[in-house]
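# Notes for the structure review
Below are the chains, spelled out letter by letter.
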Amino acid sequence: MTSYDQIFENNKKWMAERKASDPAFFDKIAREQNPDYLYIGCSDSRVTAEEIMGVNPGEVFVHRNVANLVNATDLNVMTVLNYGIRSLDVKHIIVCGHYNCGGVKAAMQPVDMGILNPWFRNIRDVYRMHRNELNAINDEQLRYNRLVELNVQEQCINVLKLASLQKAYIKTGYPEVHGWVFDLHTGELIDLKLDFPKLLKDIMEIYRLTDDEIWNS
Ligand SMILES: [Zn+2]
């Protein structure tokens, strides 16, 4: 367990190490940020974006919430996404879930969780959309794992519903959207290899927010 005071000791050590390996490090990060990656992950303390990706400060724009949801009425995640796409010009958007996600597990329990109900309803909606596949899985742990994956997939689709994403992708060919799952048991980062262009085309009949002709072909 890290004590409160230890945090500041750690910070001093980190500053010294960074300066030793690159004397201009803080000058560079103070100047601007130009990250290629936008990461949306779970708030879970065990799933830290930069560490599991092995990247440095300045390389990934991060948003985290319980169960890595992309909800159109959540001004926070919508601001991160629109700023990332329109101003930071990110090349990749990642939604990263994780097995053993407490938020996904809680949503599978038939109990009233008060103020948490509206948030978890998004995950229940994912279950409803995929209930035939999920109910066919007898093993509860495997069903839970699959819901984690399907939740990532649906949140990626929610990213595709943004006008800013559709317009940027048609114009420039990026950002690409990726779904990942982090396995706490092994430390492995798993790319679900979602077919992003196909997912985008599939939703266009209903969610199209641009009149660019590429989607007519
Ligand atoms: Zn989680």
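In the nomenclature of an unreviewed UniProt entry, the protein corresponds to carbonic anhydrase from the organism Flavihumibacter stibioxidans. Comment text from UniProt for the protein, heading Catalytic activity (unreviewed entry), reads "hydrogencarbonate + H(+) = CO2 + H2O". Of the comments in the UniProt record for the protein, the one headed Sequence similarities (unreviewed entry) reads "Belongs to the beta-class carbonic anhydrase family."

### Here's the deal with the packing of helix 6 (residues 117-129) against helix 8 (residues 140-160)
Contact pair helix 6 / helix 8: the axes reach a minimum separation of 10 Å and the direction vectors enclose 100°. What the angle tells us is that helix 6 and helix 8 run roughly perpendicular. Residues Ile123, Val126, Tyr127 and Met129 of helix 6 pack against Leu147, Leu150, Asn151 and Glu154 of helix 8. The class makeup of the residues in the contact of helix 6 with helix 8 is 6 nonpolar, 1 polar and 1 charged.

### Some remarks on the sheet that holds strand 4 (residues 176-183)
The 5 strands are arranged 2-1-3-4-5 in an open sheet whose pairing can be described as mixed. Edge positions in the open sheet fall to strand 2 (60-65) and strand 5 (188-191), since each of these has one partner strand only. In this sheet, adjacent strand axes meet at a mean angle of 25° when their direction is disregarded. Of the strand pairs in this sheet, strand 3 (residues 92-98) and strand 4 are connected by 7 bridges, and their pairing is parallel. Bridge assignment links Val95 to a residue of strand 4, and that residue is Gly179. Helix 4 (residues 75-86) contacts strand 1 (37-42) and strand 2 of the sheet and is inclined by roughly 165° relative to strand 2.

The rules we used
Position numbers for residues count from 1 along each chain, tracking the sequence in the order it is written. Local features in a predicted model are, by the rule used here, given only for residues with pLDDT of at least 70; side-chain atom pairs are given and counted only at 80 or more, and totals for whole chains, interfaces and linings are based on all residues. UniProt positions are given in the numbering used here, feature names are shortened, and annotations may be inferred rather than shown by experiment. Between N-to-C directions, angles span 0 to 180 degrees; the directions come from axes that are lines fitted to C-alpha atoms, helices contributing only their stretch in contact. Secondary structure elements follow DSSP: runs of H or I of four or more residues count as helices, runs of E of two or more count as strands, with numbering from the N terminus. With respect to orientation, any angle under 35 degrees is reported as roughly parallel, any angle over 145 as roughly antiparallel, any angle of 65 to 115 as roughly perpendicular, and every other angle as oblique. Here, residue contact means that the backbone-derived C-beta atoms of the two residues sit within 7 Å. Each residue is assigned to one of three groups, with Ala, Val, Leu, Ile, Met, Phe, Trp, Tyr, Cys and Pro labelled nonpolar, Asp, Glu, Lys and Arg labelled charged, and all others, Gly among them, labelled polar. Pairing between strands requires that DSSP locate at least two bridges from one strand to the other.

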